[in-house]
Amino acid sequence: MNGVEAFGIELRRRRIAADFSLARFAGQVHYSKGHLSKVENGLARPTEDFARRCDACLGAGGELLALVRPRGARRAEAAESSAASAFGAGEDDAEVWLMGLGPDGESGFQPVGRRDVLVMGMAAATALSIPGRVRPAHGGDVVGLSRSAFDHTRRLGQTVSASLVFPVVVSQAQMLRVLARSSPHARTELTLLAARNAEYAGWMAQESGDDNAALWWTRKAVRMAAGVGRHDLAAYALVREALVTLYQGDAAATIDLARQAQRDPQLPPRILGLAAQREAQGHALAGAYDECMHALDRAADLLALAAAQPRDGEPVIGTTTVSDPVAIVTGWCLHDLGHSRRAAEVLDREVAKIAPDAIRARVRFGLRQALAHAASGEIDHACALVEELLESVAALDSATALADVQRLSATMRRWPGHPAVRRLTPELTAAMSGSQRG
């Protein structure tokens, strides 16, 4: 018996035990009666979205989803190996960062060893070196200005394509690490800011569709921070890595990385809270409702504790554009758990609170809002929400947004004759084709 047949047999057994007719069950999960019949008879392969709907409706606790999800999830160690092979390994003092910028906005990045630079030839090596003073002027507020620059860059990242922000934040990280070496009195603060820029470069790389670069920059941030005794950022790096595995659909790796980030109870409560929040998203992806809710409760307590503590002047770790991250992630999780109507109610409330200029956040969570409404059978409203976002989706060229656009397109195909779907389909297709990366 193959996996498709096993799923169909188990679904039929649970549906009958729950006293659902095929027609009534189809209305509950918003799939056609014909499709349900094909799945139960092993004639159609169930998707993860389909399994989540069935799981939630039948109270299967993720057991149906487990029959669909492939075994042997990709682990974080494999991601680290991939990142290292793609970008090379090495410490700060042994690296030169090469950045290429194209007239059409494309950029390319590659770290190389100093010996490799010399192999390029004297002319190339000379071109890479622009002599100048690196010591800041006495009395200049380099730390304060650099923090302000980082805050402005993050706001810029809410508005324009991540591929345009990426070289900016890389340049800032390089400037700060050079300044740190020549500023003993501000070395720690400047190095930490360089690390935060490197960590944000990882997010921009992920948004640009390059997971290997995202992992490389995240680990670069950890090494910088560790060099000045700040090992707590290593825990947050695990939270960032877990976001990569989350979008790759690897629930087990997401949960594992998030739990690793929570091993030390002495870490700052904000980092622990963000880690618990990411763990909840992993549990939701796995269909584990109770574990997800417990993790969200921990996250809420920890982030409330962090909010009550005085600020130390450093840039805020994690999102600065969402007023209640646990609430909005609760909506995200409820959708992944198959409780899309509840998810839509939460996301309607929380997305409305996001500032108009936080465009990347509005797109990221707004697409989830539309997905929840579509999965609940509220097609007209879902299409209206998507139409409001598509122009911003094209401008941001976000890989994570594209993943949800593809999910929306697949969901909409279940209603091919619906007027709003017919009107929206060409725009969804254009959004996906316009965001493809070579």
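Cut-offs and rules
Residues numbered from 1 in each chain as written. Predicted model: local features only at pLDDT ≥ 70, side-chain atom pairs only at ≥ 80, totals over all residues. Heavy atoms only, no water. pLDDT = per-residue confidence, 0-100. Contact = heavy atoms within 4.5 Å. Core = buried A, V, L, I, M, F, W, Y, C linked by side-chain atoms within 4.5 Å. Buried < 20%, exposed > 50% of the residue type's maximum accessible area, 1.4 Å probe, protein only. Helix = DSSP H or I, 4+ residues; strand = E, 2+ residues; numbered from the N terminus. Salt bridge = Lys/Arg side-chain N within 4 Å of Asp/Glu carboxyl O. Axes fitted to C-alpha atoms, helices over the stretch in contact; angles between N-to-C directions. Parallel < 35°, antiparallel > 145°, perpendicular 65-115°, else oblique. Left-handed = near helix turned anticlockwise from the far one by under 90°. Nonpolar A, V, L, I, M, F, W, Y, C, P; charged D, E, K, R; others polar. Phe/Tyr/Trp six-rings, centres within 6.5 Å; stacked < 30°, edge-to-face > 60°. Lys NZ or Arg CZ within 6 Å of the ring centre and 35° of its normal.

Tell me about the confidence of the model for the protein chain, residues and numbers included.
Per-residue pLDDT for the protein chain has a mean of 83; in total, 82% of the residues score no lower than 70. A low-confidence stretch, residues 71-91 stays under pLDDT 50, and its non-local contacts, those more than four residues away or across chains, total 39 contacts.

Talk me through the nonpolar core; I want residue IDs and the actual numbers.
Counting 80 residues, the largest nonpolar core has L190, C292 and I328 as the members making the most contacts within it. Sort the elements by how many residues they give to this core and helix α11 (residues 187-207) lands first, with eleven residues. In this view, L190 contacts V142, V143, S146, L176, L179, A180 and S183; residues no more than four positions away in its chain are not counted. With 25 residues, the next largest nonpolar core counts A374, L396, A401 and V405 among its residues.

Run through the pattern of salt bridges, naming residues and quoting values.
For the structure on display, the rule yields 22 salt bridges. Residues D49 and R53 are paired through a salt bridge, measuring 2.9 Å at the closest nitrogen-oxygen approach. In this pair, D49 and R53 both sit in helix α4 (residues 48-58), four residues apart, roughly one turn of the helix. A salt bridge links R360 to E207; its shortest N-O distance comes to 2.6 Å. Of this pair, R360 sits in helix α19 (residues 359-375) while E207 sits in helix α11, and the two are 153 residues apart along the sequence.

Hey, could you go over the packing of helix α14 (residues 251-260) against helix α15 (residues 269-286) for me, with residue numbers and the actual values?
One can describe the packing of α14 onto α15 by two numbers: an axis separation of 8 Å at closest approach and a directional angle of 160°. For the element pair α14 / α15, the angle class is roughly antiparallel. For the element pair α14 and α15, the recorded crossing hand is left-handed. Contacts between α14 and α15 involve A251, T254, I255, A258 and R259 from the first element and A275, R278, E279, G282, H283, L285 and A286 from the second. Among the residues forming the contact of α14 with α15, the class breakdown is six nonpolar, three polar and three charged.

An account of the packing of aromatic side chains is requested, with residue identities and associated values reported.
A complete count under the given rule lists eight aromatic pairs for this structure. Taken together, a centroid distance of 6.1 Å and an interplanar angle of 55° make the contact between F7 and F50 tilted. Of this pair, F7 sits in helix α1 (residues 3-17) while F50 sits in helix α4, placing them 43 residues apart in sequence. Of the two residues, F7 and F50, neither departs from the other in class, the shared state being buried. Look at Y247 and W332: their rings are 6.1 Å apart centre to centre, the planes differ by 90°, and that puts the pair in the edge-to-face class. Placement of Y247 in helix α13 (residues 232-247) and of W332 in helix α17 (residues 325-336) is noted, with a sequence separation of 85 residues between them. Considered together, Y247 and W332 belong to a single accessibility category, that of buried residues. Ring pairs connect the aromatic residues F7, Y31 and F50, which therefore count as one cluster. If you follow R414 out to its NZ or CZ, it ends over the ring of Y31, 3.6 Å from the centre.

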